[in-house]
Amino acid sequence: MSFPRAKPIDDLYEEVAGYDLVVVPDAPLASALNRRIDRPHLGSFAVTPRRLAAGRREESEDRVAFLELVDRTDFDWKRGAYAIGNILQCWEHRGRLEAILDYDTYVDDATRQAVEYVADLDTTSRRLTDFRIDDDRDVAVVGEDQLTQLERSILPAEYDTFDPFDDRAFDRPPFHVFDSATAIVETVVDAVTEENADDVAVVLDQGSEFSTLVESALEAEGVPFYGGPGFVDDPDHRAFVQLLRAAHGGTDTRVGEIRPLLTRLGVSVAVEHDEKRLSEFDEGELDWVVEFCDGIADRTFGEALSAFEERADCQLSAFRDELETLGIVDAPATEQAVDELVFYLRSYEVPVDRENNGVLLADAKSAAFVDRAVVFYLGLDEDWTQSAPRRPWVDRDAQYTRNLRQFQLLLQSGAKQYYLVQDSKGGSPVTPCLYFEELIEESFERFSDLESRSHARRFDRGDDGGAFEREPVDATPVEVSTVSQSSLGTYVNSPRDHFFSRLVDGPDRDYFREGNLFHDFAEFYVTHPDFVDDGVIDEVVDHMLAETRPFVRSVEEATRRTKYRAGLETIVAYFAENAPVDGEFLTATSDWGSNAFAERFDMPVDSPVTERWFENEELGLKGKIDLIHSPTRLVDHKSGRRKSAARVVTNSALAPPSDSPNFQALLYLAHWRSQYPDQELEFTFFHFLETVDDVVAGEADLDDALTTVSYFPVSFEQHARSEAFFEDLVEDGANDCRKTLSQVDYEDYAAVFDEAALPETTDSDELIESPFGETLITRTKARVGDYKYVESGCEQAMRQLARVRGRAFFEDDLDAFETFVAERLAELNRRRAGEERFPVEGIGGEPNYRYVDNRDLLLEGDR
């Protein structure tokens, strides 16, 4: 389908200027034609059918009918609104009020009564039904196919039609592609001033993020605007409704859910409290909100509104008037009544008095014409597509055509058009409005596939700057010299997610609080093992429940009490059997942070082996060791699910990184190796909640809570060919392995390594089929005999080799990790300096979005 050009408004006026009356489908188009009248004219010139028939400004007749139904019946509000919507829509498309009764599926008692009530109302649809244009008037109709059946019913027997399009093609402007909605809005605001505001229009989907962003940005710059915010968009109206909903939200309502309300009330609460339950929040800032919610059962809507007005220091006269219109100002603000009010405000547009000056904000799904010199179109994505109602009285093909032509006209409004779009959002490509598939004879999936200009903040700037380009901020970055294991894992998964994690605060959560308290108890117990008895554990459990109560529902308290006690008992049992060394081998260190139980029991935690902070500038590493069990063993307390040693090693992979990278064991062992070189080391993960079920059943085995990864200060080949490893195979290997190797000397085993290289693999089949594997089997058979058990024993030995390789770290692993960290730090500092962008993808490719914390902030590609 071609993309015909819309006739310029001046040309269209010239065509219809000689007529007595011009009927048009869109009110802004009528206004534009009327502004160009250059001769005396009596009565209406250009007008919409509804305005002509009603003789007044068009009203939202569905709201008028709904209010009448609410006043005259006791229908459920949703049921009544559904009936009225069907009646008016069917009337519009079929041309008569009673047409809805022809469709049995949509007819019930509410519909029949609503038809009777609507018939008596003075609506524009009623006036359209009764109105006819005199046959003696010279009438022009612009865009007749845009008119509905009811609107066409007013036309005289004879009239002339005019197509709003001509035969020429529209020279479509390019799409201007930006990184984000914020960048788009900044571009618009930069181009608009108080002086040129009356010449500018912004077309957007009023349900999108652009609506509030544009309104807020224009207001902040002091630029007048109209046409955008409605009754329910008023910040005070929204805050009051949110307060009513929070009052009936139950005990699970979170602080973060009412943050807009708190902002309006001038209450500042740190982001870390967002996940706390409002009913359990014990900070004084929220006392008024909590008291309001507790007392909602005794308030009417009017009383609740008065309380809000007093607290927010505002007057909501329009909202009070609307409550009176609905007849509920003196009704109790019950949960059902609040739900009905919210339904009404979401379903109907309440009229708002406003001055019509400044930037015009037009809804992409309502407007078909905008009479401004400069028009910005924001988004143009699939949300601009209008779906034809799925009702039997709607001709869906005809409705689609009307919507498509409306879109064509809208895109050409103004003397200058700017299409400002995003190519991706939240890591996914943005789908252009589906109407483009009909209008553009090109194959495309996203805006960048079409003629477009990118307006990212560039570091290597090309010659496509234009008026929309923005220079990078001139700032001197601070170099990063060390990295923690969590920060490194985030960076490797997605550098851009790492970047945003440094900028955006996140809320405190129950598992953060739980984990910290368990760590504090472990540290306290190591320092004061003789003090901790059953009574102390009970007190610790009570403390943990009190600390986590703001985050969890009261019905979960019994379960959590069991969980906490089981976890604490497991910690006690482990350290009772595995008491750490005294730490005399360590240098002095200052205390790390505070300890909740040291404060509660007024007993210091000054053990040098717990919560040991390190910052290794030479290696670029930093972290906190939960427990130094001995000079060669580190322990980390974990509240999460246990992972095997093989999984720990797999997740520490470097080339390529794992899909769920975690470098904690590698990082801590690399640091500890620098302190104790040439030592075999161990890193143990103590998953103290892994055995909760077994603790409750009295069948716990501490080994089930432990995962230990070893480090050997030699290469894997050196370790594998060592006499100690050979002896382990002889003594602890599988049956055939022991039987076979017990019949050979160590020198025979070591000779295999001289004859064939040991492959670098954790795949036992690959190892067995390699030249090394063939050599081991051949030499052993020559020494022992060509027996089946000999081949089986050799294969078992190689499987053990593969298992050890996949469950431990060796010298070359830590060497590679130290190089890896140095490369990442250099790369990170280049990106912090602005020499290159922080990409979404890490060195392993597309990030694992399960471990991404800021998904909504990520855009695909290099932008």
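A few points on the structure. (Residues numbered from 1 in each chain as written. Predicted model: local features only at pLDDT ≥ 70, side-chain atom pairs only at ≥ 80, totals over all residues. Heavy atoms only, no water.)

1. With respect to the overall build of the chain
Here is the rule we go by: Counting from the N terminus, the helices are DSSP H or I runs at least four residues long and the strands are E runs at least two residues long. Note that the radius of gyration is over C-alpha atoms, with the globule rule given as 2.2 Å times the number of residues to the power 0.38. Categorising residues by exposure relies on relative accessible area from a 1.4 Å probe, with only protein chains included: less than 20% of the type maximum marks a residue as buried, more than 50% marks it as exposed, and the intermediate range marks it as partly exposed. Working rule for contacts: check all heavy atoms of both residues, and any pair within 4.5 Å makes them a contact. We get accessible surface area from the Shrake-Rupley algorithm with a probe of 1.4 Å; when it comes to residues, only the shown protein chains can shield them. Counted as positive: Lys and Arg. Counted as negative: Asp and Glu, with His and the chain ends omitted from the count. Charged groups are reduced to one reference atom each: NZ for lysine, CZ for arginine, CG for aspartic acid, CD for glutamic acid.
The helix and strand inventory of the chain stands at 35 helices and 21 strands. Taken over C-alpha atoms, the radius of gyration comes to 37 Å for the chain, far larger than the 29 Å a tight globule of 863 residues would show. Seen along its three principal axes, the alpha-carbon backbone of the chain occupies a region of about 120 × 65 × 60 Å. Taking all 863 residues of the chain together, the buried fraction comes to 51%. Expressed as a percentage of contacts within the chain between residues at least 6 apart in sequence, the contacts between residues at least 24 apart total 72%. If you sum the accessible surface of the chain, you get close to 41400 Å²; carbon and sulfur atoms cover 43% of it. The averaged location of the 179 negative side-chain charges in the chain is 3 Å from the averaged location of its 90 positive side-chain charges.

2. Topic: the sheet that holds strand β5 (residues 160-162)
Rule in force here: Paired strands, as defined in this entry, are two strands with at least two bridges between them according to DSSP. Angles run from 0 to 180 degrees between N-to-C directions of axes, and those axes are lines fitted to C-alpha atoms, restricted for helices to the stretch in contact.
Taken together, four strands build an open sheet; the order of strands is β3-β2-β4-β5 and the sheet is parallel. The open sheet is flanked by β3 (46-47) and β5, the only strands paired with a single partner. Here strand β2 (residues 21-23) runs beside β3; their pairing, made up of two bridges, is parallel. Within the sheet, the bridge partner assigned to Val 23 lies in β3 and is Val 47. Of the strands in this sheet, β2, β4 (139-142) and β5 are in contact with helix α1 (residues 9-16), which crosses β4 at around 150 degrees.

3. Notes on the sheet that holds strand β12 (residues 416-422)
If you walk across this open sheet you meet the seven strands as β9-β10-β8-β11-β12-β7-β15, and the pairing is parallel. Single-partner strands in this sheet number two, and they are β9 (225-226) and β15 (452-454). As paired strands, strand β8 (residues 200-204) and strand β11 (residues 374-378) are joined by four bridges and run parallel to one another. If you follow Val 202 over to β11, its bridge partner there is Phe 376. Together, β8, β9, β10 (359-363), β11 and β12 form the strand contacts of helix α10 (residues 209-220), whose direction differs from that of β10 by roughly 170 degrees.

4. What about the side chain of His 93?
Tracing the chain through its elements places His 93 in helix α5 (residues 77-94). Setting aside its immediate chain neighbours within four residues, His 93 contacts Gln 149, Trp 393, Val 394, Gln 399 and Arg 402.

5. Examining the packing of helix α4 (residues 61-72) against helix α15 (residues 317-326)
Going by this rule: We call two directions roughly parallel when the angle between them is under 35 degrees, roughly antiparallel when it is over 145, roughly perpendicular when it lies between 65 and 115, and oblique otherwise. Residue type decides the class: Asp, Glu, Lys and Arg count as charged, Ala, Val, Leu, Ile, Met, Phe, Trp, Tyr, Cys and Pro as nonpolar, and the leftover types, Gly among them, as polar.
At a minimum axis distance of 9 Å, the contact between α4 and α15 shows a crossing angle of 55 degrees. The angle between α4 and α15 falls in the class oblique. Listed contacts from α15 to Arg 63, Phe 66, Leu 67 and Val 70 of α4 are Glu 322, Thr 325 and Leu 326. Of the residues in the contact of α4 with α15, the class split is four nonpolar, one polar and two charged.

6. Some points on unusual backbone geometry
The amide bond that connects Ala 655 to the next residue, Pro 656, takes the cis arrangement and shows omega of -5 degrees. Mapped onto the elements of the fold, Pro 656 is located in the loop between α25 (645-651) and α26 (664-675). In this structure, Leu 380 is a non-glycine residue whose phi angle is positive, near 50 degrees. In this model, Asp 678 sits at a positive phi of 65 degrees, which is unusual for a non-glycine residue. The residue Asp 678 is located in the loop between α26 and β19 (681-687) in this model.

7. Concerning the environment of Pro 608
With respect to the secondary-structure elements, Pro 608 resides in the loop between α24 (596-601) and β16 (610-616). Assessed through its relative accessible area of 26%, Pro 608 is described here as partly exposed. Each C-alpha atom of the pair Pro 608 and Asp 582 lies 8.0 Å from the other, and the pair is 26 residues apart in sequence.

8. So, a negative patch on the surface
Applied cut-off: Patch definition: residues with relative accessible area over 30% and no salt bridge; like charges joined within 9 Å; nonpolar side chains (Val, Leu, Ile, Met, Phe, Trp, Tyr) joined within 5 Å. Salt bridge, as applied in this entry: a Lys or Arg side-chain nitrogen positioned within 4 Å of an Asp or Glu carboxyl oxygen.
Together, Asp 20, Asp 134, Asp 135, Asp 136, Asp 138, Glu 158 and Asp 160 give the surface a local cluster of negative charge. Among the structural elements, Glu 158 can be located in the loop between α8 (149-152) and β5.

9. A look at the pattern of salt bridges
Applying the stated rule across the entire model yields 47 salt bridges. Residues Arg 633 and Glu 682 are paired through a salt bridge, measuring 3.8 Å at the closest nitrogen-oxygen approach. Here Arg 633, found in strand β18 (residues 633-638), pairs with Glu 682, found in strand β19; they are 49 residues apart in sequence, far enough to count as distant. Residue classification places Arg 633 among the buried positions, given a relative accessible area of 15%.

10. Some remarks on the state of the cysteines
Note the threshold: The disulfide criterion is simple: two cysteine sulfur atoms within 2.5 Å.
Evaluated as defined, the whole model comprises zero disulfides. This cysteine, Cys 737, is not joined by any disulfide, and Cys 794 carries the nearest cysteine sulfur, 8.1 Å off. Cys 737 sits in the buried class, given a relative accessible area of 1%.

11. Comments concerning the side chain of Thr 684
Condition: Pairs of N or O atoms within 3.5 Å make up the polar contacts considered here, provided that, within protein, one atom can donate a hydrogen while the other can accept it, and that residues adjacent in sequence are counted only when both atoms are side-chain atoms.
Counting through the fold element by element, Thr 684 comes out in strand β19. Judged by relative accessible area, which is 0%, Thr 684 ranks as buried. A distance of 2.8 Å separates polar atoms of two side chains, one belonging to Thr 684 and the other to Thr 708. Non-local contacts of Thr 684, meaning those with residues more than four positions away in its chain, are made with Tyr 574, Arg 633, Leu 634, Val 635, Asp 636, Leu 706, Thr 707 and Thr 708.

12. A word on the packing of aromatic side chains
The line we're drawing: Aromatic pairing here means that ring centres of Phe, Tyr or Trp (its six-membered ring) are within 6.5 Å. Orientation follows from the plane angle: under 30 degrees is stacked, over 60 is edge-to-face, and everything else is tilted. Lysine and arginine charges are scored as sitting over a ring when NZ or CZ, respectively, is within 6 Å of the ring centre and within 35 degrees of the ring normal.
Following the criterion strictly, the structure yields 48 aromatic pairs and no others. Taken together, the aromatic side chains of Phe 175, Tyr 377, Trp 384, Tyr 400, Phe 407, Tyr 419, Tyr 435, Phe 436 and Phe 447 make up a single cluster linked through ring pairs. Of note, Arg 824 hangs over the ring of Phe 820, and the distance from its end group to the ring centre comes to 4.8 Å.

13. What to know about α15
For an α-helix the count is 3.6 residues per turn, leaving residues at separations of three or four pointing the same way. Formally: In this context, the arc is that of the directions from the helix axis out to the C-beta atoms.
Listed as buried for α15 are Phe 319, Glu 322, Leu 323 and Leu 326. Projected onto a plane normal to the axis of α15, the buried residues spread over an arc of 100 degrees and lie on a single side. Looking one or two residues beyond α15, the residue adopting positive phi is Gly 327, at roughly 75 degrees.

14. Overview of the packing of helix α9 (residues 181-191) against α10
Heads up, the condition is: Each helix crossing is assigned a hand: it is left-handed if the near helix lies turned anticlockwise from the far helix by less than a right angle, otherwise right-handed if that turn is clockwise.
Their axes nearest at 10 Å, the elements α9 and α10 cross at an angle of 40 degrees. By the angle between their axes, α9 is oblique relative to α10. The chirality of how α9 crosses α10 is right-handed. Residues Ala 181, Thr 182, Ile 184, Val 185 and Val 189 of α9 pack against Glu 209, Phe 210, Leu 213, Val 214, Ala 217 and Leu 218 of α10. In the contact of α9 with α10, the residues fall into nine nonpolar, one polar and one charged.

15. A closer look at the environment of Glu 257
With respect to the helices and strands, Glu 257 occurs in the loop between α11 (235-247) and α12 (259-264). Spatially, the C-alpha atoms of Glu 257 and Ser 487 are 28 Å apart, while their sequence positions differ by 230 residues. Ignoring any residue separated from it by four or fewer positions in sequence, one finds Glu 257 in contact with Gln 242 and Asp 252.

16. Regarding the nonpolar core
Defined as follows: Buried Ala, Val, Leu, Ile, Met, Phe, Trp, Tyr and Cys residues that are joined via side-chain atoms within 4.5 Å together make up what is termed a nonpolar core.
Counting residues in each nonpolar core, the largest one holds 85 residues, and the members touching the most others are Phe 66, Leu 244, Phe 301, Phe 308, Phe 319, Leu 341 and Tyr 344. No other element matches α5, which puts eight residues into this core. Those residues in contact with Tyr 344 that sit more than four places away from it in its chain are Arg 63, Phe 66, Leu 67, Trp 77, Glu 322, Leu 326 and Val 350. Among the nonpolar cores identified, the runner-up in size contains 68 residues, and Leu 517, Val 526, Ala 566 and Phe 601 belong to it.

17. With respect to the environment of Thr 385
Its place among the elements puts Thr 385 in the loop between β11 and α17 (396-411). Classification of Thr 385 by relative accessible area gives buried; the value is 16%. For the pair Thr 385 and Leu 434, spaced 49 residues apart in sequence, the C-alpha separation works out to 6.2 Å. Setting aside its immediate chain neighbours within four residues, Thr 385 contacts Lys 365, Cys 433, Leu 434 and Tyr 435. A polar contact of 3.1 Å, which involves the side chain of Thr 385, links it to the backbone nitrogen of Leu 434.

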